[in-house]
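Per-entry structural report
These are the residues of each chain, in order.
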Amino acid sequence: MTDPPYRYTSPDEDSGRWDGFQLRHGDIVISTRTKHGTTWMQNIVALLVFGSPELPAPIADLSPWLDWTTEPRDAVVARLDAQTHRRFLKTHTPLDGIPLDERVTYVVVARHPLDAAVSMYHQQLNLDRTRWAELTGNAPPDPAKVTPPLHDCLVAWIDLDLDPREHLDNLNGVAAHLSDAWARRDDPNVVLVHYDDLQRDLGGAMRDLAARLDLAVDEEVWPELVAAARFDAMRARADRAVPARNGVIRSADRFFRRGVSGARFEELTPEEIARYEARMAELAPADLLTWLHRDD
């Protein structure tokens, strides 16, 4: 097992919570940036692991988030240690911030960063920041603070230049996460999945993932599994499909807002998108960007 060279922290995350955690043979770690398809992939993996459209528990219980500081680490580890099914853990930490074990499969989902940023903006509006502050010990929100319009936030987000180890959802944090995974894409236990492939051919993408995870496919129930993995189906069972279990999310229904690609074109001018592309060209390798921006 390889120890991580970096530690990532944010107001509610700490990759140091992986230190000393005992990984098992067959574990699956889902490593994504915020709003890049984390919850979607958690639900997909859950359906593949249990082989049934009816999951035995909410996704937040089946797939805990070890890094999240809203719950004591010991409590999260105890839940994971008690699991007897094939475990699948959530993390927003890049692969260079968590232990790498050849017995474990690491699934990294990539989405167009601008589309993810649009989704992240709406998610922030759906978070109960007072509850979040209570759980993390951070300062409560300033009631006088007004959230700027989406367009203004996106334009500012493109140019922000903050330390990606403390501001993981900045553009340079997203680029660093994906670049690290891209460099490992030929490793036998690293699986890169493009969000748009899940949208175009969900069944095909799920079959490919099942093969990489060495999970058998029951053809009799397969159509039901694919149907249960669709966005509208997750929205229909939103209370069980959301990744939080502590009241931080205001509305489970709003969490599954749209789940589409192309929202960037609704908010930004061609010149602003070109500015994003120029910035990304400074932050990530060209072959990664060709794969990531395939529809641009």
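Given the structure is predicted, the values throughout are model-derived calculations rather than measurements. (Residues numbered from 1 in each chain as written. Predicted model: local features only at pLDDT ≥ 70, side-chain atom pairs only at ≥ 80, totals over all residues. Heavy atoms only, no water.)

**Regarding the pairing of strand β3 (residues 28-32)**
The buried fraction of β3 is high, at 5 of 5 residues. The two faces of β3 match: Ile-28, Ile-30 and Thr-32 on one face and Val-29 and Ser-31 on the other face are all buried. The pairing of β3 with strand β4 (residues 88-91) spans 4 bridges and is parallel. Looking at the pairing, Ser-31 lines up with Thr-91 of β4. Of the strand pairs in this sheet, β3 and strand β5 (residues 105-110) are connected by 5 bridges, and their pairing is parallel. The residue bridging Thr-32 from the neighbouring strand is Val-109, located in β5. (Buried < 20%, exposed > 50% of the residue type's maximum accessible area, 1.4 Å probe, protein only. Helix = DSSP H or I, 4+ residues; strand = E, 2+ residues; numbered from the N terminus. Pairing = 2+ DSSP bridges.)

**What to know about the layout of surface pockets**
Taken as a whole, the second largest pocket encloses approximately 190 Å³ of empty space. What lines the second largest pocket is a set of 13 residues, and nearest its centre among them are Leu-192, Val-193, Asp-197, Ala-205 and Asp-208. Only β6 (190-194), α8 (195-200) and α9 (202-212) provide two or more residues apiece to the lining of the second largest pocket. For the lining of the second largest pocket, the leading source of residues is α9, giving 5 residues. Partitioning the lining of the second largest pocket into residue classes produces 8 nonpolar, 2 polar and 3 charged. (1 Å grid on protein atoms, 1.4 Å probe; cavity = no way out; pocket = protein on both sides within 12 Å on 5 of 7 lines; lining within 4 Å. Points joined across faces, edges and corners; volume = space filled by probe spheres on them. Nonpolar A, V, L, I, M, F, W, Y, C, P; charged D, E, K, R; others polar.)

**Some words on the packing of helix α1 (residues 38-50) against helix α10 (residues 222-229)**
Packed helix pairs are specified by the crossing angle of their axes together with the interaxial distance, meaning the distance between the axes. Between α1 and α10, whose axes approach to 9 Å, the crossing angle comes to 160°. For the element pair α1 / α10, the angle class is roughly antiparallel. By crossing handedness, the relation of α1 to α10 is classed as right-handed. Only Trp-222, Leu-225, Ala-228 and Ala-229 of α10 make contact with α1, whose side of the interface consists of Trp-40, Ile-44, Leu-47 and Leu-48. Counted by class, the contact of α1 with α10 contains 8 nonpolar, no polar and no charged residues. (Axes fitted to C-alpha atoms, helices over the stretch in contact; angles between N-to-C directions. Parallel < 35°, antiparallel > 145°, perpendicular 65-115°, else oblique. Left-handed = near helix turned anticlockwise from the far one by under 90°. Contact = heavy atoms within 4.5 Å.)

**Comments concerning the nonpolar core**
Taken as a class, soluble globular proteins show a tendency for nonpolar side chains to be buried jointly. Among the nonpolar cores identified, the biggest contains 36 residues, and Met-41, Ile-44, Val-45, Met-206 and Leu-209 are the most heavily contacted of them. With 8 residues, the single largest contributor to this core is α1. For Leu-209, the contacting residues outside a window of four places in its chain are Met-41, Ile-44, Val-45, Leu-48, Val-107 and Val-191. With 24 residues, the next largest nonpolar core counts Ala-117, Leu-154, Tyr-276 and Met-280 among its residues. (Core = buried A, V, L, I, M, F, W, Y, C linked by side-chain atoms within 4.5 Å.)

**A short note on the packing of aromatic side chains**
Applying the stated criterion to the full structure yields 5 aromatic pairs. With a centroid separation of 5.9 Å and an interplanar angle of 85°, the aromatic rings of Trp-18 and Phe-21 are classed as edge-to-face. The exposure classification of Trp-18 matches that of Phe-21, with both residues buried. Measuring from centroid to centroid gives 4.6 Å for Trp-65 and Trp-68, while their planes differ by 15°, and the two rings are stacked. The class of Trp-65 is buried, set by a relative accessible area of 12%. Overall, Trp-68 belongs to the buried group, its relative accessible area being 11%. Over the ring of Tyr-195 we find Arg-111; its NZ or CZ atom is 4.2 Å from the centre of that ring. (Phe/Tyr/Trp six-rings, centres within 6.5 Å; stacked < 30°, edge-to-face > 60°. Lys NZ or Arg CZ within 6 Å of the ring centre and 35° of its normal.)

**Concerning the pattern of salt bridges**
By the definition in use, this model includes 13 salt bridges. One salt bridge in this structure joins Arg-200 and Asp-197, with 3.5 Å as the shortest N-O distance. Taken together, the positions of Arg-200 and Asp-197, both in helix α8 and 3 residues apart, correspond to about one turn of that helix. (Salt bridge = Lys/Arg side-chain N within 4 Å of Asp/Glu carboxyl O.)

**Points about the sheet that holds β5**
With parallel pairing, the 4 strands of this open sheet are ordered in space as β4-β3-β5-β6. Looking at the sheet topology across the chains shown, the edges are occupied by β4 and β6. Sheet twist, expressed as the mean angle between neighbouring strand axes with direction ignored, is 20°. Along the sheet face, α1 touches β3, β4, β5 and β6 and points at about 175° away from the line of β4.

**Some details on empty space enclosed by the protein**
For the structure on display, the rule yields 2 cavities of 30 Å³ or more. The calculated volume of the second largest cavity comes to roughly 40 Å³. Thr-34, His-36, Pro-113, Ala-116, Ala-117, Met-120, Trp-157, Asp-169 and Val-174 are the residues that line the second largest cavity. For the lining of the second largest cavity, the per-class residue count stands at 6 nonpolar, 2 polar and 1 charged.

**Comments concerning helix α6 (residues 150-159)**
One full turn of an α-helix is made of 3.6 residues, so residues set three or four places apart face in the same direction. Among the residues of α6, Leu-150, Leu-154, Trp-157 and Ile-158 are the ones counted as buried. All buried residues of α6 lie within an arc of 100° about the axis, which places them on one face of the element. (Arc of directions from axis to C-beta.)

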